[in-house]
There are 2 protein chains.
Amino acid sequence: MTFSAVDVITTKRDGGRLSDDQIDWVIGAYTAGDVAHEQMAALAMAVLLNGMDPDEIARWTQAMIDSGEVLALPDVGRPLVDKHSTGGVGDKITLPLAPLVAACGAAVPQLSGRGLGHTGGTLDKLESIPGWRASLSTEEIAAQLADIGAVICATTPTLAPADRKLYALRDVTGTVESIPLIASSIMSKKIAEGTGGLVLDVKVGSGAFMKSEDRARELAETMVRIGAAHGLATTALLTDMSVPLGRAVGNALEVAESVEVLRGGGPADVVELTVALAREMLALAGITDVDPAEVLASGAAYPVWERMIAAQGGDPSAPLPVASHVEPVVADRSGVLTRLDALAVGVAAWRLGAGRARKEDAVQAAAGVRLLVEPGEPVEAGQPLLELHTDTPGAVAGARAALADGVVVGDEPVARPTLLKDTIRP
Amino acid sequence: MTFSAVDVITTKRDGGRLSDDQIDWVIGAYTAGDVAHEQMAALAMAVLLNGMDPDEIARWTQAMIDSGEVLALPDVGRPLVDKHSTGGVGDKITLPLAPLVAACGAAVPQLSGRGLGHTGGTLDKLESIPGWRASLSTEEIAAQLADIGAVICATTPTLAPADRKLYALRDVTGTVESIPLIASSIMSKKIAEGTGGLVLDVKVGSGAFMKSEDRARELAETMVRIGAAHGLATTALLTDMSVPLGRAVGNALEVAESVEVLRGGGPADVVELTVALAREMLALAGITDVDPAEVLASGAAYPVWERMIAAQGGDPSAPLPVASHVEPVVADRSGVLTRLDALAVGVAAWRLGAGRARKEDAVQAAAGVRLLVEPGEPVEAGQPLLELHTDTPGAVAGARAALADGVVVGDEPVARPTLLKDTIRP
C-alpha cells in the first residue's frame, strides 16, 4: 500500500493514531529512500511531541525489524538470553555479566555498539585488549555461543537498518528524547538479534540518559510492553546512575575492574548489579538451580572470560594499555565527600580521551578516571580523590573544569543512593 | 554568533522562546545551507505544535526579509499601497482592484505568485491574455508605477529567499498549517517589496486555507501585528469563502469577468469586495476624497487596466482563449439551489485544467467553471446550474465527481453568507 508522506506526518501532527499500514509504509519507504530525511524529521518531531500508543509503538518496532534481516542463529544447545543497558558512567557490567551467565549455563549473544558522548561503549572497552576484534560472522557467533556461551561483538548492518538510519537522523534533529522512539530503537535491534529472553538495565540519574525516575520508569514499561507484544520475555531493572558504577571510568580501566570482579573481587556496587542482572537473565532462561552470586565469588566465571576474549583474537593475559600521563584531583578541604556526580565524571573521562564526540573519532584505550574515594567517606585536605588518566595532557584542564561542581567535599555525611530501585516485569 | 541547530530545535521543542540571535542565526544558516533541511523540518514542526510569541514572529519575519534584498523602488510620485489575499475560489479581485486604486491616485506594486492546488494564481489568470508577460525588472516596475500606477508581476527571487526555501520545505513536511509560519511568510515578502501600506484579504470557509473564523481571525491579527512591528500600516478584512466569488472560476474566465467589473458591470459580490478593499487601501494611502465605488461604476478604471496590460506586452482587446469542450451540470430535480460549495467548485476547476498539482505543471488558459445560478435561486429539473470548460474532455468525469456533494438542489431557501465579516486594524 502506498501513502503520502505528508498525510502520515499530518495524522501524527494533529494528534491522531498512525494505522498499521501507514507505519509499515513510512518505515519501509524511509529505509528505501522514498521518504526524505526532512519528512522523517518532521514525523519524528510530531511523534516526540504527540506520542504513540502501545499498539503504534509495537507496530513501529516490528516495521523496523522488518526493514532488515533477523539473525538466524541455529540451536546452540543452551537457552539464549541477553541484556541491554541504557548507558551510564562506569557501566562495564556487560563484561563480567556475559561470562557469568554463560558459566551458569545460558548463552549470551550480546551485539553491542560503540560509545558516543559521555557514556562509553562496550566495544570500545574490549578493544583496549590487545588483539581483540569486534566483528564476527553469524557462523562465528553461533559457534562461540555453542562452545563458550558468551559473545560480545559488533552488531551487523543487516539488523534493523531503519533504526540505524533513523537514529542518525534523530541525533541531528533534536528528536532523540522520545520514549516511543528510544524504546522501539532498542527493542527492534534486540528482537532482530533473536534472543530468547531480555533483561533491561534502565538507568536513572545525572549520568543516565533519563534524569528522572518517572521518565526512566515510563521507558522501562514501554520496552517491557514491546517485548510482550513480540513474544520476547523481558524484565527491566531501574538502577541508579547518579554516581558512577565502580571505581574505574574509561576503556582499559574498566576492563581491569571487570577482571577483578570476575576473579571474585571488585567494587561492591559492580558485583551487586552484575549478580542482580544475572539472576533475572537466568530466571528468563529457566535456570533456577545456580546462584550467580556464588559463581561470581568463586572466580568460576573468569575462565569463561578468558576463552571468550581468546576466541575473538584477544590475549586475556596481555598487559592493558597504561596512560602516559596520570595526575590526581585532590580535596580542597577536609570533610566528607558529599558529591561525586556521574555526569561530571563521565564528561571528564570523555574529555580525557575515553569517549568520542563524533562517530568517526578514535578513543584512547588508556584514558579515563579512577575514583579513589566513595561518597560519604571522610577526606583530608590535599588527599587525592580521583586520578585523571590520559595520553593528551592538554585535555586535563577541560576534565578538571567538568569536575568543578561535580566533586564536592562538605560537612554533612551522605548515604550512597540505592542502586537497585525497582524491577519491572510484564 | 553561531549556535547549534540541535539547541535551537530543542529550545522550541521544549516549549521555550527562541532568542533573537537564535532566530537570526537559524534563518541565515538555513538560507546558506549550513542548517540541513531535516533540521529545519524538525524546527518547523516544533514551531507548528508549540507556537511562537508575537516578538518571536516579528523577529522571524525580519530574519526572512534580511535573507535577501529589499526592493529599492524610487519615488514614483504616488503613495504605494498593496493588497494580499490568502486565496480563494474565483478570487480574481486583484485584477480589477489594482487599476481601480491606481485610477483613484495611489500606486499598486502587486508582486504575485502562481497558483498551486484548488485556488488559482493571479499570474496564471493574466497569462491567459495574449502577449502578456509576468517578469519585469525593478526599473520596469518603477517606471510603470510612475506612469500608470499599477503593476501586477512575478515576484523576484532576490526577495526573502529564506521564505522560498522554507515554503518548499513546509509543503512536503506537513508544516504548512502554522499561523506564525504562514503570517511571517506572507509579511516578509510584502515588507521586502517596499510597499507603504498593506490591506490583507483573509478568507474563511470551505474554499479558503482557513476553514474556521477563529483561525482566520488569529492569522489576520498576527499579520496586522507583524505589520505594526515593522512600521507597515496594515489592515485586514475577514471575508467569506464558503461560496465562490463571482460567476467565473478559471483563468481566462476570470479575466473576462474582471473586465466586466472594470467596465462598470459584473457580479455584485466581486464589485462589493473590490470596492471594500480599495477603500481600505486608499485610506492607508491617505486618499480620502475619491469614492472608489463611483470610480468603478463609471468605468474609469478600465483605461488604466488597458494601459497596465499593454505595458506588459498584452493585448487588452484580443479575444481570450475559449475552451474546446463545454458542457453543463444540470439540476437533478426542481427546487432551490441550497449549496454551492467553494471547495467543490475549486477542485472541479482544478481538475478541468485551470490549476496545477505540482509546481512544474502547465495550466489551461480556457479551463474552468462558469456558475449560472446563485445559492437561494429557484431552479427547474434539468436546468443548467454550471458550465464545465476544458480542452481535455477526459477531465470532466473527475470534475463532476468533485461537484457531487458540493452542488445541491433542495427545498429550503438559503441566504448567501455575509461577504464582509470583519475588519481588523492595528
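A quick note: this is a predicted structure, and the numbers were derived from the prediction, not measured. (Residues numbered from 1 in each chain as written. Chains lettered and ligands numbered in written order. Predicted model: local features only at pLDDT ≥ 70, side-chain atom pairs only at ≥ 80, totals over all residues. Heavy atoms only, no water.)

Asker: A description of the packing of helix α8 (residues 161–173) of chain A against helix α9 (residues 179–192) of chain A should follow, citing residues and the corresponding values.
Answerer: Residues and elements named next belong to chain A. Contact pair α8 / α9: the axes reach a minimum separation of 10 Å and the direction vectors enclose 150°. Regarding the angle of α8 to α9, the classification is roughly antiparallel. Crossing angle aside, the handedness with which α8 passes α9 is left-handed. On α9, the residues touching D163, Y167 and R170 of α8 are L181, I182, S185, S188 and K189. In the contact of α8 with α9, the residues fall into three nonpolar, two polar and three charged. (Axes fitted to C-alpha atoms, helices over the stretch in contact; angles between N-to-C directions. Helix = DSSP H or I, 4+ residues; strand = E, 2+ residues; numbered from the N terminus. Parallel < 35°, antiparallel > 145°, perpendicular 65-115°, else oblique. Left-handed = near helix turned anticlockwise from the far one by under 90°. Contact = heavy atoms within 4.5 Å. Nonpolar A, V, L, I, M, F, W, Y, C, P; charged D, E, K, R; others polar.)

Asker: Help me get a handle on the packing of aromatic side chains, residues and values and all.
Answerer: Taken as a whole and judged by the stated rule, the model has two aromatic pairs over all chains. Between K165 of chain A and the ring centre of Y30 of chain A, over which it is positioned, the NZ or CZ distance is 4.7 Å. The positively charged end of R263 of chain B is found above the aromatic ring belonging to Y302 of chain B, 4.4 Å away from the centroid. (Phe/Tyr/Trp six-rings, centres within 6.5 Å; stacked < 30°, edge-to-face > 60°. Lys NZ or Arg CZ within 6 Å of the ring centre and 35° of its normal.)

Asker: I'd like to hear about helix α2 (residues 20–32) of chain B, residue by residue, with values.
Answerer: For α2 of chain B, with 13 residues, the first-to-last C-alpha span of 18 Å sits near the 18 Å given by 1.5 Å per residue. Phi turns positive one or two residues past the end of α2 of chain B, at G33 of chain B, with a value near 90°. (Expected span 1.5 Å × (residues − 1).)

Asker: Which residues make up the interface of chain B and chain A, and what values do they have?
Answerer: With 21 residues of chain B in contact, the opposing surface of chain A contributes 21 residues. Interface of chain B and chain A: buried area, both sides summed, is about 1,600 Å²; carbon and sulfur atoms make up 71% of it. Ranking the residues of chain B by area buried against chain A places R13, E38 and L49 of chain B at the top, with a combined share of 36%. Summed over the shared surface of chain B and chain A, the result is two salt bridges. Measuring nitrogen to oxygen at the nearest pair gives 2.7 Å for the salt bridge that ties E177 of chain B to R13 of chain A. Scanning the region where chain B abuts chain A turns up six residue pairs in polar contact (both at pLDDT 80 or more). Elements represented by at least two residues in the side of chain B that touches chain A include exactly α1 (5–13), α3 (37–50) and α8 (161–172) of chain B. By residue class, the composition of the side of chain B that touches chain A is 10 nonpolar, seven polar and four charged. (Buried area = accessible area lost by both parts, 1.4 Å probe. Salt bridge = Lys/Arg side-chain N within 4 Å of Asp/Glu carboxyl O. Polar contact = N/O pair within 3.5 Å; in protein donor to acceptor, adjacent residues only side chain to side chain.)

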